[in-house]
Amino acid sequence: MSLTSRRTFLKNSPMLAIGLLNFPQLILADKCLITPNQTEGPFYPLNFPSDSDQDLTRVAGHSSIALGEKILIMGRVITPDCIPLKGAKVEIWQACASGRYDHEFDGNSAPIDPNFQYWGLFITKNDGQYSFLTIKPGSYPVTTNWRRPPHIHFKVKIPHQSPLITQLYFTEETQLNRQDRILQRIPSQQRKLVMTELIYNQSLMMRVGKFNIILGEQYADNRTPYLG
Ligand SMILES: [Fe+2]
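Values in this document were obtained by computation on a predicted structure and should not be read as measured data. (Residues numbered from 1 in each chain as written. Predicted model: local features only at pLDDT ≥ 70, side-chain atom pairs only at ≥ 80, totals over all residues. Heavy atoms only, no water.)

## Focus: the packing of aromatic side chains
Stage number 1. Using the criterion set out here, one finds eleven aromatic pairs in the structure.
Stage number 2. With a centroid separation of 5.4 Å and 80° between ring planes, the pair formed by Tyr 101 and Tyr 140 is classed as edge-to-face. With Tyr 101 in the loop between strand 2 (89-93) and strand 3 (119-123) and Tyr 140 in strand 5 (residues 140-143), the pair connects residues that are 39 residues apart, well separated along the chain.
Stage number 3. Overall, Tyr 101 belongs to the buried group, its relative accessible area being 2%.
Stage number 4. Using a relative accessible area of 7% as the deciding quantity, one classes Tyr 140 as buried.
Stage number 5. Judged by centre distance (6.0 Å) and plane angle (75°), the ring pair of Tyr 130 and Phe 154 falls under edge-to-face. On the criterion of sequence distance, the pair formed by Tyr 130 in strand 4 (residues 129-135) and Phe 154 in strand 7 (residues 151-157) is long-range, its members being 24 residues apart.
Stage number 6. Assessed through its relative accessible area of 0%, Phe 154 is described here as buried.
Stage number 7. Among the aromatic residues, ring-to-ring pairing joins Phe 122, Tyr 130, Phe 132, Phe 154 and Phe 211 into one connected group.
Stage number 8. Across from the ring centre of Phe 170, 5.4 Å away, lies the NZ or CZ of Lys 136, which sits over that ring.
Stage number 9. Over the ring of Tyr 44 we find Lys 155; its NZ or CZ atom is 3.6 Å from the centre of that ring. (Phe/Tyr/Trp six-rings, centres within 6.5 Å; stacked < 30°, edge-to-face > 60°. Helix = DSSP H or I, 4+ residues; strand = E, 2+ residues; numbered from the N terminus. Buried < 20%, exposed > 50% of the residue type's maximum accessible area, 1.4 Å probe, protein only. Lys NZ or Arg CZ within 6 Å of the ring centre and 35° of its normal.)

Structure follows, in structure tokens:
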């Protein structure tokens, strides 16, 4: 396969190409720092879309794709003991490129993108791996002097435990991150645990952000990894 056709193949089949990437490495046993919980916010779906896969850039039955910069978010779900969890249910939800949620509580006048999936689900595989193909979310106003930085909401569930609910931010959004009242609630030394740097990947022809999720208190009652 020529380089050009290989790139065309990868561009058309990005989820297949993820196998070519290196997932974030497991962290040394004494450094599995627990991912901070953050507020769920008001926009967790009331109704889940019928299309619930890991590719949020396309909606089943639509011929067009979502607006905005296509990105890949990938990582592992790990216990505080640094053991990867197979079978964890990872949900994400986020605004589209314009900064609008597809949610009845969102009063933002920015346009909805009918070709964006807004919510996705992934059950972790061997080594706790998950990935989502999505778009970089837009920022949106909360008050006249507070604009939320681009972020992706995460909810991670394992059986018989409370879910970990958090939000992922982008290192490049320096100013909005610094002004964000939700991100700034996290102690400064822990903030880097919910940040990702988007790095361009030549093969996928898009930027990739890596985010390991380390379960904490909600996992404390049962240290046996869920492998079912
Ligand atoms: Fe949000």
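## Things to note about the nonpolar core
Stage number 1. In terms of nonpolar packing, the biggest core is built from 27 residues, with Ile 73, Val 77, Tyr 130, Phe 154, Val 156, Ile 213 and Leu 215 touching the most fellow members.
Stage number 2. For this core, the elements supplying multiple residues, two or more each, are strand 1 (70-78), strand 2, strand 4, strand 7 and strand 8 (164-170).
Stage number 3. Non-local contacts of Leu 215, meaning those with residues more than four positions away in its chain, are made with Ile 34, Val 77, Ile 78, Thr 79, Pro 80, Leu 85, Val 156, Ile 158 and Leu 164.
Stage number 4. Among the nonpolar cores identified, the runner-up in size contains eight residues, and Phe 23, Leu 72, Met 74 and Val 208 belong to it. (Core = buried A, V, L, I, M, F, W, Y, C linked by side-chain atoms within 4.5 Å. Contact = heavy atoms within 4.5 Å.)

## A look at the pattern of salt bridges
Stage number 1. One pass over the structure, following the stated rule, counts eight salt bridges.
Stage number 2. When the shortest N-O distance is used, the salt bridge between Asp 106 and Arg 100 registers 3.8 Å.
Stage number 3. Accessibility expressed as a relative area gives 10% for Asp 106, which makes it buried.
Stage number 4. With relative accessibility at 17%, the residue Arg 100 sits in the buried group. (Salt bridge = Lys/Arg side-chain N within 4 Å of Asp/Glu carboxyl O.)

## Here we look at the sheet that holds strand 9 (residues 195-196)
Stage number 1. Spatially, five strands are ordered 3-2-7-8-9 in an open sheet, and the strand pairing comes out mixed. The open sheet terminates on both sides in strands that have one partner only, identified here as strand 3 and strand 9. (Pairing = 2+ DSSP bridges.)

## A closer look at the pairing of strand 8
Stage number 1. Counting buried residues in strand 8 gives seven out of seven residues, a clear majority hidden from the surface.
Stage number 2. Burial along strand 8 is two-sided: the face carrying Leu 164, Thr 166, Leu 168 and Phe 170 and the face carrying Ile 165, Gln 167 and Tyr 169 are both buried.
Stage number 3. Judged from the six bridges that link them, strand 7 and strand 8 form a sheet pairing that is antiparallel. The residue of strand 8 that forms the bridge with Phe 154 is Thr 166.
Stage number 4. Here two bridges tie strand 8 to strand 9, and the two strands are oriented parallel to one another. Paired with Phe 170 across the strands is Thr 196, a residue of strand 9.
Stage number 5. A crossover links strand 8 with its parallel partner strand 9, the connecting element being helix 3 (residues 174-179), and its sense is right-handed. (Right-handed = clockwise from strand over helix to strand, strands pointing away.)

## Quick look at the side chain of Asp 55
Stage number 1. Turning to its location among the elements, Asp 55 is positioned in the loop between helix 2 (14-17) and strand 1.
Stage number 2. Buried charge Asp 55 goes without a salt bridge, the closest partner of opposite sign being Arg 58 at 4.2 Å.
Stage number 3. A distance of 2.6 Å separates a polar atom in the side chain of Asp 55 from a polar atom in the side chain of Thr 57.
Stage number 4. Excluding residues within four positions of it along the chain, Asp 55 makes contact with Gln 117 and Leu 133. (Lys, Arg positive; Asp, Glu negative; His and termini not counted. Polar contact = N/O pair within 3.5 Å; in protein donor to acceptor, adjacent residues only side chain to side chain.)

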